[in-house]
Amino acid sequence: MLLSATGIRKQFPGVLALDGVSCSLERGEVLAVVGENGAGKSTLMKVIAGVYQPDGGTVTLDGRPVRFSTPQAAMTAGVSLIHQELNLADNLSVQDNLFLGREATVGGPLKLLNRSAMAQHGAELLVRVGLPTAYLSKPVGELPPGQKQLVEIARALGLSAKLLIMDEPTSSLTQPETDRLYEVIAALKAAGVGVMYISHRLAEITRCCDRAVVLRDGKNAGELAKADITHDNLVKLMVGRDLKTFFPRTHRAGDGKPVLQIRNLTYAGGPVTPVSLDVRAGEVLGMAGLVGAGRTELSEAIFGIRTVTGGEVNLNGVPLWVSKPADAVKAGVLLVPEDRRKHGLVLAEGVGFNLSLPNLDRVRSAGLVDRAAERAMHADTIAKLRVRTPNAEQAVGLLSGGNQQKVVFGKWLARGPRVLILDEPTRGVDVGAKTEIYTLIDELAGRGVAVWMITSDLEELLGVSDRVVVMHEGRLAGELSRSELTEEAVMRLATGGRA
Amino acid sequence: MNEKSKFAACLAAGVAVVGGAWFAAALPFDGPYPAWFILTAVALATLAHTFEVSRRNLQRTAGVVLLLVGLLIVLGRSSDAAFARSSVLSILNRHGELGLVTLGAGLLILTGGIDLSVGSLVALAAVSFGLLAEQGVPPAAAAVLVVLGGVILGIGHGLLVTQLGLQAFLVTLCGMFMYRGVARSIQPGQIGRGSVKNELEQTVGEGAGQAFESQFLDLRYWLTGQNTEERLVFPALLVVFLLLAAVAAVFLHRSSFGRYWYAIGNNEQAARYAGVTVWKHKVSVFAICSGLAALAGVVRFLGAGSVTPSVEGDSYELYAITAAVLGGVSLRGGEGTAVGLVFGALVLPVVKPVMNFTKCPSEWEPWLIGLILLGGAIVDETIRRRGKRAG
């Protein structure tokens with residue numbers, strides 16, 4: 001037995017995050033830890049990795065009880081946590097990052113670096129995670145997210161990790177990067193390293209894990225052996241009930257008129273080939289493509305974040321001039337951005353503050369904010385979207401990912417969107433909230449909103465979209481109608497193949 | 001309680017506070033009481049009314065209030081003369097003077113900016129005011145022109161920061177050198193009421209000098225509260241500051257501008273993605289900050305009677321930042337209240353008389369100020385951490 005945690009309790013002010021949770025892991029086993037946001041997965045991982053100290057229960061590693069007071073202590077003992085937000089110094093090279101804080105030196109008072117020893121050892125580590133050794137001298141900031149993740153894993157291996165804990169490792173990875181990660185996990189497994197794996201993507205869990213532990217409200221909700229890991233079983237344990245329709249499609253208005261027409265558009269930082277695209281009323285246009293295919297960039301050009309250099313955009317047949325986001329917002333072309341913590345929300349401020357921010361022009365009288373009208377709007381949005389928050393003053397950064405995303409949606413609902421651009425709308429959102437968001441998207445489409453959804457989650461793309469366009473290296477590689485829509489067809493187009 | 005009855009309650013409290021202070025300072029002041037009395041009470045009521053009583057705001061102002069209470073106790077015990085009328089009046093007026101620059105610096109820091117040119121701009125504004133008067137511009141008009149000039153310089157700062165993408169620290173650091181340099185170039189030595197009057201008498205005529213003198217004294221009376229015998233009869237400067245602070249409070253806590261400023265200070269990108277035209281707001285706040293610094297320069301000239309460009313307003317930008325931080329504005333941006341700024345600006349004006357009355361050598365002043373700021377920052381951080389743990 002590599003790791004065994006029994007009866008772990010962790011109390012935060014006002015919340016019992018973990019209430020007697022137990023789990024165990026053998027050498028060379030991949031254990032999925034599943035649960036909705038707030039179920040206690042991340043807390044459990046952090047307790048095991050020494051970020052938090054448990055209020056009760058015991059953790060044993062290799063049969064010996066351990067109590068790590070810091071993440072560093074856990075790392076030295078062979079337990080490494082790979083965070084959702086990667087902890088790499090972007091300005092330093094891969095090699096510097098691999099050995100950060102434990103550089104090899106040639107000794108002496110100056111602690112001169114032993115660069116050749118580090119280069120040799122670093123190259124071995126990169127080979128183990130399948131990265132080219134030439135990357136050692138590359139600044140980490142130049143690597144795509146998937147490769148950064150691999151660098152983090154290599155760093156953990158350098159500390160002779162026995163147990164790797166990965167918190168949503170694939171949330172920002174493309175499909176090929178994810179596949180590469182699975183290969184690395186398989187190799188680690190073969191080498192006897194234990195892996196604990198948190199993910200929201202059920203398909204991944206069924207694919208790479210040996211066993212799944214399901215948490216619900218800070219308690220063990222059940223455990224599934226490899227053979228029993230199915231989508232339905234997991235969801236049942238996670239939410240404690242059966243979910244009827246994961247992807248509701250009851251409100252679609254059918255084939256509407258084009259609301260947003262993009263003609264021969266070129267933009268700063270975009271491809272040389274102009275892009276043309278229609279988004280129609282009452283449909284969800286899914287947009288697929290690998291990370292870096294230029295999907296986010298195109299949406300940024302429409303929303304006024306990037307400068308448009310040529311072509312035209314029409315909204316309901318009338319030319320739309322957007323030089324800054326304020327213009328797009330005024331016209332009803334609204335964006336739910338990919339990075340909600342950076343672009344979507346003012347995390348330190350309350351739920352109400354965030355809901356009001358783009359809507360102050362609607363609750364203003366004589367130049368001042370009508371606070372009664374404002375409060376009514378907050379209450380209305382919070383109820384409508386079922387945002388789980390104690391009150392409208394709660395700092396939005398303290399909410400779970402799903403509830404944060406509902407607030408980002410809520411900002412725009414009051415404005416009555418004409419075109420709603422969703423960039424990875426359910427990233428880092430738990431299953432329950434995902435369904436609520438899909439229902440919302442369905443309702444919006446039913447009201448005649450033209451929804452343009454950029455997503456890397458194939459399951460979501462296939463489930464929600466009425467029509468799909470695939471981007472490859474900045475241009476539209478092809479369009480798929482609902483009847484032609486399969487995972488294979490999407491991936492073929494996304495990787496540059498033909499439909 | 002609805003908004004109207006809350007404001008009425010605040011107004012009653014404001015009247016009580018101002019009336020009580022007036023009474024305690026031994027009736028009567030010589031001055032235009034009714035007008036100032038009402039304005040001060042309204043300003044205080046507005047400040048109180050717009051102050052959101054939340055845990056976060058209370059935590060951010062608790063430290064500075066405790067510090068002030070402590071300092072006032074020390075001051076009261078140090079000497080009987082400490083709370084004499086003249087001493088109190090001069091503290092209050094200094095509060096108003098520092099308050100002007102604190103208000104501007106505070107709003108700017110709140111939106112994520114910084115202004116290091118405040119002190120030099122005070123000097124340039126004071127000198128420009130004198131030189132304009134020397135050219136025969138009536139003092140009131142000269143004051144307006146100087147404030148407008150400050151606003152224009154502030155817009156310049158804002159445009160350099162938002163359009164060219166320069167850092168506010170750098171732009172205003174350059175301003176700090178340039179404005180002081182320009183002030184010393186256009187007026188190498190001291191300039192004052194006497195020299196302006198003499199110049200006017202020589203270049204224009206006896207009448208012009210007399211007219212300047214009387215207009216100057218009028219303006220000085222209304223803006224600083226000094227009567228014709230150079231005696232401070234009521235704290236006009238404080239009233240001016242409180243009125244401006246009340247306007248700032250309404251902007252910050254009740255208008256959409258304030259919301260945008262907090263959002264910009266916290267997360268400029270999120271504000272932009274929400275459809276806020278960020279650059280316009282940033283430029284406006286730079287303009288407000290420099291305009292208030294210019295106004296402070298004018299009242300320095302009025303109050304002191306003469307200014308020396310090489311030392312006038314020295315370190316004011318740092319005093320303003322100190323006061324703003326003590327008042328609960330976070331240098332990280334997005335945090336702070338108008339009431340906090342009013343309290344923060346009172347600390348340094350109280351420290352000075354405390355030192356005088358306790359016979360501390362004046363050489364101690366810099367390190368004492370540093371220590372108080374450090375102490376305030378530590379207390380503030382401790383309170384906030386405890387608050388975080390509890391909630």
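Residues numbered from 1 in each chain as written. Chains lettered and ligands numbered in written order. Predicted model: local features only at pLDDT ≥ 70, side-chain atom pairs only at ≥ 80, totals over all residues.

### Thoughts on the overall build of chain B
Rules: Each helix is a run of H or I in the DSSP string that is no shorter than four residues. Each strand is a run of E no shorter than two, and both are numbered from the N terminus. Here the globule rule is a power law, 2.2 Å times the number of residues to the power 0.38, and the radius of gyration is based on C-alpha atoms. Three exposure classes are used, based on other C-beta atoms lying within 10 Å of a residue's own C-beta, which is placed from the backbone: buried for 20 or more, exposed for 12 or fewer, and partly exposed in between. By the convention adopted here, residues make contact when the C-beta atoms placed from their backbones lie within 7 Å.
Across its full length, chain B holds 16 helices and 2 strands. Taking 21 Å as the expected radius of gyration for a compact globule of 391 residues, we find that chain B reaches 21 Å, a close match to that expectation. Projecting the C-alpha coordinates of chain B onto the three principal axes gives extents of approximately 70 × 55 × 45 Å. The burial tally for chain B puts 50% of its 391 residues in the buried class. Sequence-distant contacts in chain B: of pairs separated by 6 or more residues, those separated by 24 or more amount to 78%.

### Brief notes about the sheet that holds strand β12 (residues 275-280) of chain A
All names here are of chain A. How we decide: Criterion used throughout: strands pair if DSSP finds at least two bridges between them. Fitted lines through C-alpha atoms serve as axes, helices being fitted only where they are in contact, and the angles separating the N-to-C directions of these axes extend from 0 to 180 degrees.
Pairing is antiparallel across the open sheet formed by 4 strands, whose spatial order is β12-β11-β14-β15. The open sheet has two free edges, formed respectively by β12 and β15 (318-319), since each of these has just one partner strand. Bridging between strand β11 (residues 258-267) and strand β14 (residues 308-315) involves 6 bridges; their strand directions are antiparallel. Residue Arg263 lies in a different strand from β14, and its bridge partner there is Glu312. Lying on the sheet, helix α9 (residues 295-303) is in contact with β11, β12 and β14; it crosses β11 at an angle near 105°.

### Re the interface of chain A and chain B
What counts, and what does not: Under this grouping Gly is polar, as are all residues other than the nonpolar Ala, Val, Leu, Ile, Met, Phe, Trp, Tyr, Cys and Pro and the charged Asp, Glu, Lys and Arg.
Taken together, the contact pairs 24 residues of chain A with 21 residues of chain B. Elements supplying a minimum of two residues to the side of chain A that touches chain B: α10 (325-331), α11 (340-344) and β18 (368-369) of chain A. Residues belonging to the side of chain A that touches chain B are distributed by class as follows: 14 nonpolar, 4 polar and 6 charged.

### A look at the environment of Ser330(B)
All names here are of chain B. On the secondary structure map, Ser330 appears in the loop between α14 (316-326) and α15 (338-357). Measuring from C-alpha to C-alpha, the distance between Ser330 and Ala377 comes to 9.9 Å, with 47 residues separating the pair along the chain. Setting aside anything within four residues of it in sequence, one finds Ser330 in contact with Glu335 and Gly336.

### Examining unusual backbone geometry
All names here are of chain A. We note that Asp62 has phi near 55°; this positive angle belongs to a residue other than glycine. One can find Asp62 in the loop between β4 (56-61) and β5 (64-66). Looking at Asp62, the number of C-beta atoms within 10 Å reads 14, which means it is partly exposed. Residues other than glycine seldom take positive phi values, yet Asn264 does so here, at roughly 50°.

### Let's talk about the nonpolar core
Where we set the bar: We define a nonpolar core as a collection of buried residues of the types Ala, Val, Leu, Ile, Met, Phe, Trp, Tyr and Cys that are connected via C-beta atoms lying within 7 Å of each other.
Grouped together as the largest cluster of nonpolar side chains are 194 residues, with contacts concentrated most on Val451(A), Ala245(B) and Val298(B). Ranked by the residues each element gives to this core, the list is headed by helix α13 (residues 278-304) of chain B, at 16 residues. Within the second largest apolar cluster, 74 residues are counted, among which are Ala5(A), Leu31(A), Leu44(A) and Phe99(A).

### Some words on the confidence of the model for chain B
Heads up, the rule is: Values of pLDDT, which run from 0 to 100, indicate the predictor's confidence residue by residue.
Confidence along chain B averages 90 in pLDDT terms, with 95% of residues attaining 70 or more. Among the prediction metrics, the complex's ipTM stands at 0.86, with pTM recorded as 0.80.

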